[in-house]
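# Coordinate inspection notes
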Amino acid sequence: MNSNAFQITGYGHVQEYSDTVQPLASPRPERTASGYRVAADLRGAIEAAQLRDGATLSFHHHLRNGDEVMRQVLQACRELGLSDLHIAPSSLFPCHADLIPLLLDKTITRITTSYMNGPLADSVRAGELLYPAVLQTHGGRAHAIETGQLAIDAAFIAAPAADSEGNITGAIGPAGTVRGKIITCPNANLAFSHH
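Scope of this entry: the structure provided in the associated data block. (Residues numbered from 1 in each chain as written. Predicted model: local features only at pLDDT ≥ 70, side-chain atom pairs only at ≥ 80, totals over all residues. Heavy atoms only, no water.)

## Let's talk about the overall build of the protein chain
If you tally the helices and strands in the protein chain, you get five helices and ten strands. Counting across all 195 residues of the protein chain, residues that qualify as buried make up 38%. Taking the contacts inside the protein chain whose residues are at least 6 apart along the sequence as the reference set, 65% of them involve residues at least 24 apart. Accessible area of the protein chain: about 10500 Å², with a carbon and sulfur share of 52%. (Helix = DSSP H or I, 4+ residues; strand = E, 2+ residues; numbered from the N terminus. Buried < 20%, exposed > 50% of the residue type's maximum accessible area, 1.4 Å probe, protein only. Contact = heavy atoms within 4.5 Å. Areas by Shrake-Rupley, 256 points an atom, 1.4 Å probe, with all protein chains shown as cover.)

## Remarks on empty space enclosed by the protein
Throughout the structure, instances matching the rule amount to one cavity of 30 Å³ or more. Roughly 40 Å³ of internal volume is contained in the largest cavity. Every residue along the wall of the largest cavity is listed here: F59, H60, H62, L63, D67, V69, F156, I157 and A158. If you tally residues by element for the lining of the largest cavity, the top one is strand β7 (residues 154-159), at three residues. For the lining of the largest cavity, the class distribution of residues is six nonpolar, two polar and one charged. (1 Å grid on protein atoms, 1.4 Å probe; cavity = no way out; pocket = protein on both sides within 12 Å on 5 of 7 lines; lining within 4 Å. Points joined across faces, edges and corners; volume = space filled by probe spheres on them. Nonpolar A, V, L, I, M, F, W, Y, C, P; charged D, E, K, R; others polar.)

## With respect to the packing of aromatic side chains
What the rule picks out here adds up to two aromatic pairs. Relative to Y115, the ring of F93 lies with its centre 5.7 Å away and its plane at 50°, an arrangement referred to as tilted. A residue pair is termed long-range when its members are at least 10 positions apart, and F93 in the loop between β4 (85-89) and α3 (100-104) and Y115 in the loop between β5 (108-113) and α4 (119-125) qualify at 22 residues. For Y115, a relative accessible area of 38% puts it in the partly exposed group. (Phe/Tyr/Trp six-rings, centres within 6.5 Å; stacked < 30°, edge-to-face > 60°.)

## Quick look at the pattern of salt bridges
Opposite charge on two side chains permits pairing when their charged atoms draw close. According to the stated counting rule, one finds five salt bridges in the structure shown. Salt-bridge contacts for R71 lead to E68; the nearest nitrogen and oxygen are separated by 2.5 Å. The class of E68 is partly exposed, set by a relative accessible area of 31%. Between R125 and D122 there is a salt bridge, with the nearest N and O atoms lying 2.4 Å from each other. With R125 and D122 both in helix α4 and three residues apart, the pair spans about one turn of that helix. (Salt bridge = Lys/Arg side-chain N within 4 Å of Asp/Glu carboxyl O.)

## A word on the pairing of β4
For β4, the buried fraction is high: five of the five residues fall into the buried class. Here β4 shows a buried face lined by L85, I87 and P89 and a second buried face lined by H86 and A88. Examined bridge by bridge, strand β3 (residues 56-59) and β4 share four bridges and lie parallel to one another. When the sheet's bridge partners are listed, L57 is paired in β4 with I87. Note that the unit made of β3, helix α2 (residues 69-79) and β4 has a crossover that is right-handed. (Pairing = 2+ DSSP bridges. Right-handed = clockwise from strand over helix to strand, strands pointing away.)

## Let's talk about a nonpolar patch on the surface
A cluster of nonpolar residues, F6, I8 and Y11, forms a patch on the protein surface that exposes about 280 Å² of accessible area. Here F6 shows up in strand β1 (residues 6-8). Accessibility expressed as a relative area gives 43% for F6, which makes it partly exposed. (Patch = residues over 30% accessible without salt bridge, like charges linked within 9 Å, V, L, I, M, F, W, Y side chains within 5 Å.)

## A word on the pairing of β3
Of the two faces of β3, the one carrying T56 and S58 and the one carrying L57 and F59 are both buried. Relative to β7, β3 runs parallel, the two being bridged by three bridges. Bridging from a neighbouring strand, S58 pairs with A155 of β7.

Shown next, in the form of structure tokens:
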């Protein structure tokens, strides 16, 4: 072990950079057709994912500063009594200011992201997040997910349409809306997310 390795509470093991190639985590087995996978509402989707305290939730930033998905999901988690959540959004914007009370009541205690600005970033900088935030490059985020360093319990994404198996699409449905479905397991997270 490197003599410069140490632990940071809420972050974990830290060591000097090494150019040693890390093996990828095994992707989850391919899903077989399992029948109807669309929940009646967001709360039902969260319950179906069997999320527990301390879960890691991933979100994608494709809605940028117009994102309501993360707030809706995390508010529903709070209402379900979940706490100590680790959020792993690809980016955080000023529209995420509504998450500050969730830091203060410990619904959210960890953040791993590629980018953060606005009131939420100010709150984190002021020490209102229980554990240190982890900022990584966009590619570093994908690497962390693929190697298992960032284990995702459930990933949420907005899409205008989804089929009964939970497959999302932007090819049909009301363009520019997020009304359709909020589905777990988007994009690159699909192979490595539990839900």
